[in-house]
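Overview (structure and organization)
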Amino acid sequence: MAHVITVAGRKGGTGKTVLSHSLAHGLGLHGIATVMVTTDPDREILPSDSRRYLTQDGRDPARLVELLARVEGDPQFVVVIDGGGNRPAFDAVLAEASDITIVPFTPSAEDIRVLRLDLQRIPDAYALPNRWPTNAMAKKVADGLLAQRLAEFRGRMMNPMPSVNALTTLVDEGLPSSSIGPACKGFALRILERMGLSLFDFRTA
Ligand SMILES: Nc1ncnc2c1ncn2[C@@H]1O[C@H](COP(=O)(O)OP(=O)(O)OP(=O)(O)O)[C@@H](O)[C@H]1O
Ligand SMILES: [Mg+2]
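Okay, so let's go over this structure. For every chain, the first residue of its written sequence is number 1, and the numbers climb from 1 along that sequence. Following the order in which they are written, the chains are lettered starting with A and the ligands numbered starting with 1. pLDDT decides what is reported in this predicted model: residues at 70 or higher carry local features, side-chain atom pairs at 80 or more are listed and counted, and totals for whole chains, interfaces and linings draw on all residues regardless.

1. Side note on the overall build of the protein
The numbering of helices and of strands both runs from the N terminus, where a helix is a DSSP run of H or I of at least 4 residues and a strand a run of E of at least 2. Summing up its helical and strand segments, the protein has six helices and six strands in all. Both definitions apply: the radius of gyration is a C-alpha atom measure, and the globule rule equals 2.2 Å times residues to the power 0.38. A compact globule built from 205 residues would reach a C-alpha radius of gyration of about 17 Å, and the protein, at 16 Å, matches this within 12%. Each principal axis of the C-alpha distribution contributes one length, and for the protein these read about 45 × 35 × 35 Å. When burial is assessed residue by residue, the protein has 38% of its 205 residues classed as buried. Taking the intrachain contacts of the protein between residues at least 6 apart in sequence as the baseline, contacts between residues at least 24 apart amount to 72%. Counting other C-beta atoms within 10 Å of its own, a residue is labelled buried from 20 upward, exposed at 12 or fewer, and partly exposed in the gap between, with every C-beta atom placed from the backbone. For the purpose of contact definition, each residue receives a C-beta atom placed from its backbone, and two residues are in contact when these atoms lie within 7 Å.

Here it is in C-alpha coordinates:
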(Lines give C-alpha, C1' and ligand atoms only; values in the text may rest on other atoms or scores of the structure.)
(Ligands and ions follow the chains in the order given, each with its own letter.)
Protein backbone atom coordinates (compact mmCIF):
# COMPACT_ATOMS: atom_id res chain seq x y z
CA MET A 1 0.00 0.00 0.00
CA ALA A 2 1.19 3.52 -0.77
CA HIS A 3 1.36 5.78 2.27
CA VAL A 4 -1.18 8.58 2.18
CA ILE A 5 -0.87 11.76 4.24
CA THR A 6 -3.60 14.41 4.22
CA VAL A 7 -3.11 17.98 5.39
CA ALA A 8 -6.59 19.22 6.17
CA GLY A 9 -8.73 21.48 8.33
CA ARG A 10 -11.63 23.83 7.89
CA LYS A 11 -9.90 27.11 8.70
CA GLY A 12 -8.35 29.03 5.82
CA GLY A 13 -4.78 30.27 5.83
CA THR A 14 -3.39 27.86 8.43
CA GLY A 15 -0.60 26.65 6.12
CA LYS A 16 -2.13 23.53 4.53
CA THR A 17 -0.72 24.28 1.09
CA VAL A 18 2.74 25.44 2.18
CA LEU A 19 3.07 22.54 4.63
CA SER A 20 1.94 19.96 2.03
CA HIS A 21 4.71 21.19 -0.27
CA SER A 22 7.20 21.36 2.65
CA LEU A 23 6.45 17.78 3.60
CA ALA A 24 6.68 16.56 -0.01
CA HIS A 25 9.93 18.50 -0.44
CA GLY A 26 11.38 16.98 2.75
CA LEU A 27 10.38 13.45 1.71
CA GLY A 28 11.83 14.08 -1.76
CA LEU A 29 15.11 15.29 -0.26
CA HIS A 30 15.27 12.04 1.71
CA GLY A 31 15.01 10.22 -1.64
CA ILE A 32 11.44 9.01 -1.15
CA ALA A 33 9.17 8.90 -4.23
CA THR A 34 6.53 11.49 -3.38
CA VAL A 35 3.45 12.86 -5.12
CA MET A 36 1.81 16.03 -3.85
CA VAL A 37 -1.85 16.34 -4.81
CA THR A 38 -3.80 19.59 -4.87
CA THR A 39 -7.55 19.22 -4.26
CA ASP A 40 -8.41 22.89 -3.81
CA PRO A 41 -10.58 23.92 -6.79
CA ASP A 42 -9.37 27.52 -6.45
CA ARG A 43 -5.69 26.67 -6.83
CA GLU A 44 -3.65 26.07 -9.94
CA ILE A 45 -1.28 23.12 -10.13
CA LEU A 46 2.34 24.15 -9.76
CA PRO A 47 4.73 22.51 -12.24
CA SER A 48 6.86 19.56 -11.09
CA ASP A 49 10.04 20.82 -12.82
CA SER A 50 12.71 21.85 -10.33
CA ARG A 51 10.97 19.93 -7.53
CA ARG A 52 12.02 16.78 -5.70
CA TYR A 53 8.44 15.50 -5.92
CA LEU A 54 5.64 15.27 -8.46
CA THR A 55 2.70 17.65 -8.36
CA GLN A 56 -0.67 16.27 -9.42
CA ASP A 57 -4.15 17.63 -10.02
CA GLY A 58 -6.75 16.10 -7.69
CA ARG A 59 -9.26 18.93 -7.93
CA ASP A 60 -11.75 16.65 -9.60
CA PRO A 61 -12.65 13.94 -7.03
CA ALA A 62 -12.87 11.28 -9.77
CA ARG A 63 -9.31 12.09 -10.82
CA LEU A 64 -8.17 11.99 -7.19
CA VAL A 65 -9.63 8.49 -6.78
CA GLU A 66 -7.93 7.44 -10.03
CA LEU A 67 -4.59 8.84 -8.83
CA LEU A 68 -4.81 7.02 -5.52
CA ALA A 69 -5.75 3.79 -7.28
CA ARG A 70 -2.70 4.11 -9.52
CA VAL A 71 -0.17 4.18 -6.64
CA GLU A 72 -2.23 2.08 -4.23
CA GLY A 73 -0.23 -1.10 -4.54
CA ASP A 74 3.22 0.49 -4.19
CA PRO A 75 4.50 0.83 -0.61
CA GLN A 76 7.48 2.84 -1.88
CA PHE A 77 5.24 5.78 -2.72
CA VAL A 78 4.11 8.58 -0.43
CA VAL A 79 1.14 10.69 -1.44
CA VAL A 80 0.66 14.06 0.25
CA ILE A 81 -2.81 15.56 -0.20
CA ASP A 82 -3.54 19.25 0.32
CA GLY A 83 -7.14 19.10 1.55
CA GLY A 84 -7.85 22.68 0.53
CA GLY A 85 -9.95 23.84 3.49
CA ASN A 86 -13.50 24.64 4.48
CA ARG A 87 -14.88 21.29 3.31
CA PRO A 88 -15.44 19.22 6.47
CA ALA A 89 -17.26 16.39 4.68
CA PHE A 90 -14.49 16.13 2.07
CA ASP A 91 -11.85 16.21 4.83
CA ALA A 92 -13.61 13.31 6.55
CA VAL A 93 -13.53 11.25 3.33
CA LEU A 94 -9.85 12.09 2.78
CA ALA A 95 -9.02 11.20 6.39
CA GLU A 96 -10.66 7.79 5.89
CA ALA A 97 -8.49 7.16 2.83
CA SER A 98 -5.29 8.36 4.57
CA ASP A 99 -2.80 6.78 6.92
CA ILE A 100 -2.46 10.04 8.80
CA THR A 101 -4.26 13.39 8.79
CA ILE A 102 -2.53 16.56 9.91
CA VAL A 103 -4.48 19.68 10.82
CA PRO A 104 -2.28 22.78 10.99
CA PHE A 105 -3.22 25.80 13.08
CA THR A 106 -1.56 29.07 13.97
CA PRO A 107 -1.46 30.60 17.46
CA SER A 108 -4.79 32.41 17.27
CA ALA A 109 -7.95 31.87 19.30
CA GLU A 110 -9.97 31.50 16.08
CA ASP A 111 -7.66 28.83 14.64
CA ILE A 112 -7.80 26.94 17.93
CA ARG A 113 -11.60 27.12 18.07
CA VAL A 114 -11.90 25.62 14.57
CA LEU A 115 -9.11 23.10 15.24
CA ARG A 116 -11.01 21.73 18.25
CA LEU A 117 -14.01 21.01 16.00
CA ASP A 118 -11.77 19.32 13.41
CA LEU A 119 -10.06 17.16 16.04
CA GLN A 120 -13.45 16.10 17.38
CA ARG A 121 -14.73 15.33 13.90
CA ILE A 122 -11.61 13.43 12.74
CA PRO A 123 -10.69 11.35 15.81
CA ASP A 124 -7.33 10.12 14.51
CA ALA A 125 -6.08 13.47 13.16
CA TYR A 126 -3.00 15.14 14.62
CA ALA A 127 -2.71 18.87 15.23
CA LEU A 128 0.32 20.75 13.94
CA PRO A 129 1.12 24.14 15.50
CA ASN A 130 2.29 26.20 12.52
CA ARG A 131 4.07 29.56 12.25
CA TRP A 132 4.86 29.03 15.92
CA PRO A 133 6.84 31.93 17.40
CA THR A 134 10.48 31.42 18.31
CA ASN A 135 10.81 34.76 20.11
CA ALA A 136 10.71 33.90 23.86
CA MET A 137 7.89 36.28 24.84
CA ALA A 138 5.63 35.46 21.88
CA LYS A 139 6.31 31.73 22.31
CA LYS A 140 5.29 31.92 25.97
CA VAL A 141 1.95 33.46 25.01
CA ALA A 142 1.38 30.90 22.20
CA ASP A 143 2.35 27.94 24.42
CA GLY A 144 0.02 29.30 27.12
CA LEU A 145 -2.88 29.41 24.65
CA LEU A 146 -2.15 25.83 23.65
CA ALA A 147 -1.94 24.58 27.26
CA GLN A 148 -5.14 26.39 28.21
CA ARG A 149 -7.34 25.53 25.23
CA LEU A 150 -5.97 22.25 23.89
CA ALA A 151 -4.94 20.35 27.02
CA GLU A 152 -7.18 17.37 26.25
CA PHE A 153 -5.61 16.97 22.81
CA ARG A 154 -2.04 16.89 24.14
CA GLY A 155 -1.40 13.36 22.86
CA ARG A 156 -2.38 14.43 19.34
CA MET A 157 -0.16 17.51 19.21
CA MET A 158 2.90 17.49 16.96
CA ASN A 159 6.04 19.54 17.50
CA PRO A 160 5.56 23.07 16.16
CA MET A 161 6.70 24.32 12.78
CA PRO A 162 8.23 27.81 13.11
CA SER A 163 7.70 30.69 10.71
CA VAL A 164 10.16 30.16 7.87
CA ASN A 165 9.63 32.79 5.18
CA ALA A 166 11.63 30.89 2.54
CA LEU A 167 9.07 28.02 2.65
CA THR A 168 6.97 30.21 0.35
CA THR A 169 9.53 29.55 -2.44
CA LEU A 170 7.83 26.12 -2.66
CA VAL A 171 4.58 27.70 -3.81
CA ASP A 172 6.34 29.63 -6.54
CA GLU A 173 7.51 28.38 -9.90
CA GLY A 174 11.28 28.74 -9.45
CA LEU A 175 13.78 26.68 -7.52
CA PRO A 176 12.97 26.21 -3.84
CA SER A 177 15.40 27.96 -1.49
CA SER A 178 18.20 25.64 -0.35
CA SER A 179 17.89 27.11 3.16
CA ILE A 180 14.61 25.24 3.79
CA GLY A 181 16.11 21.77 3.25
CA PRO A 182 16.86 20.93 6.90
CA ALA A 183 13.48 22.18 8.19
CA CYS A 184 11.58 20.19 5.52
CA LYS A 185 13.65 17.04 6.05
CA GLY A 186 13.08 17.23 9.81
CA PHE A 187 9.35 17.81 9.27
CA ALA A 188 9.15 14.77 6.97
CA LEU A 189 10.91 12.55 9.51
CA ARG A 190 8.56 13.68 12.30
CA ILE A 191 5.52 12.75 10.21
CA LEU A 192 6.99 9.39 9.15
CA GLU A 193 7.73 8.65 12.81
CA ARG A 194 4.08 9.35 13.74
CA MET A 195 3.10 6.86 11.03
CA GLY A 196 5.39 4.24 12.54
CA LEU A 197 7.75 4.50 9.55
CA SER A 198 11.39 5.41 9.08
CA LEU A 199 13.76 5.87 6.16
CA PHE A 200 14.58 2.14 6.43
CA ASP A 201 11.07 1.38 5.17
CA PHE A 202 11.92 2.96 1.80
CA ARG A 203 14.38 2.19 -0.98
CA THR A 204 15.64 5.74 -0.98
CA ALA A 205 17.16 7.09 -4.20
N1 LIG B 1 5.56 27.92 8.55
C2 LIG B 1 5.36 29.01 7.80
N3 LIG B 1 6.31 29.98 7.72
C4 LIG B 1 6.11 31.09 6.99
N5 LIG B 1 4.99 31.35 6.29
C6 LIG B 1 4.01 30.44 6.32
C7 LIG B 1 4.13 29.23 7.07
N8 LIG B 1 2.99 28.52 6.92
C9 LIG B 1 2.20 29.25 6.12
N10 LIG B 1 2.79 30.40 5.76
C11 LIG B 1 2.21 31.48 4.93
O12 LIG B 1 0.88 31.71 5.39
C13 LIG B 1 0.00 31.97 4.31
C14 LIG B 1 -1.11 30.94 4.30
O15 LIG B 1 -0.54 29.66 4.02
P16 LIG B 1 -1.25 28.62 3.04
O17 LIG B 1 -1.68 29.26 1.78
O18 LIG B 1 -0.36 27.45 2.96
O19 LIG B 1 -2.52 28.29 3.93
P20 LIG B 1 -3.76 27.36 3.53
O21 LIG B 1 -4.21 26.72 4.79
O22 LIG B 1 -3.38 26.46 2.42
O23 LIG B 1 -4.81 28.44 3.04
P24 LIG B 1 -6.19 28.14 2.25
O25 LIG B 1 -7.15 27.70 3.32
O26 LIG B 1 -6.54 29.47 1.67
O27 LIG B 1 -5.91 27.08 1.24
C28 LIG B 1 0.85 31.92 3.03
O29 LIG B 1 1.24 33.23 2.70
C30 LIG B 1 2.05 31.09 3.46
O31 LIG B 1 3.16 31.39 2.70
MG1 LIG C 1 -4.31 26.16 0.54
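This is not the end of the story, as more comes after the structure.
2. Concerning the site of ligand 1
The environment of ligand 1 is made up of 18 residues, and the closest members are Gly 12, Gly 15, Thr 17, Val 18 and Gly 85. Residues are grouped as follows: Ala, Val, Leu, Ile, Met, Phe, Trp, Tyr, Cys and Pro are nonpolar; Asp, Glu, Lys and Arg are charged; all remaining types, including Gly, are polar. Across the shell around ligand 1, the residue classes tally to four nonpolar, 11 polar and three charged. As used in this record, a residue near a molecule or strand is one whose C-beta atom, placed from the backbone, is within 6 Å of it.

3. So, the packing of helix α1 (residues 16–29) against helix α6 (residues 181–194)
Remark: α1 packs on α6, axes separated minimally by 7 Å, with the N-to-C direction vectors making an angle of 90 degrees. Between α1 and α6, the angle falls in the class roughly perpendicular. Residues Ser 22, Leu 23, His 25, Gly 26, Leu 27 and Leu 29 of α1 lie in contact with α6, whose contacting residues are Gly 181, Cys 184, Lys 185, Phe 187, Ala 188 and Ile 191. Per-class residue counts for the contact of α1 with α6 are seven nonpolar, four polar and one charged. Fitted lines through C-alpha atoms give the axes, limited to the stretch in contact for helices. The angle between two N-to-C directions lies from 0 to 180 degrees. In these notes the angle categories are as follows: under 35 degrees is roughly parallel, over 145 is roughly antiparallel, 65 to 115 is roughly perpendicular, and the rest is oblique.

4. Describing unusual backbone geometry
The phi dihedral of Ser 50 falls on the positive side, at around 65 degrees, and the residue is not glycine. With a phi close to 60 degrees, Asn 86 is a non-glycine residue in the positive phi region. Examined against the element boundaries, Asn 86 turns out to sit in the loop between β4 (77–82) and α3 (88–97).

5. A word on the pairing of strand β2 (residues 33–38)
Across the six residues of β2, six count as buried, placing the element largely inside the fold. Covered by surrounding structure in β2 are Ala 33, Val 35 and Val 37 together with Thr 34, Met 36 and Thr 38, the residues of both alternating faces. Between any two strands, pairing holds if DSSP finds at least two bridges. Pairing between β2 and β4: six bridges, direction parallel. Counted as the bridge partner of Thr 38 is Asp 82 from β4.

6. Here we look at the sheet that holds strand β6 (residues 126–129)
Pairing between the strands of a sheet comes from backbone hydrogen bonds, and it takes one of two forms, parallel or antiparallel. A sheet is described by the order of its strands in space; here six strands give the open sequence β3-β2-β4-β1-β5-β6, paired in parallel fashion. Two strands close off the open sheet at either side, each with one partner strand: β3 (54–57) and β6. Across the sheet, the axes of successive neighbouring strands diverge by a mean angle of 25 degrees, strand direction being ignored. Judged from the four bridges that link them, strand β5 (residues 100–105) and β6 form a sheet pairing that is parallel.

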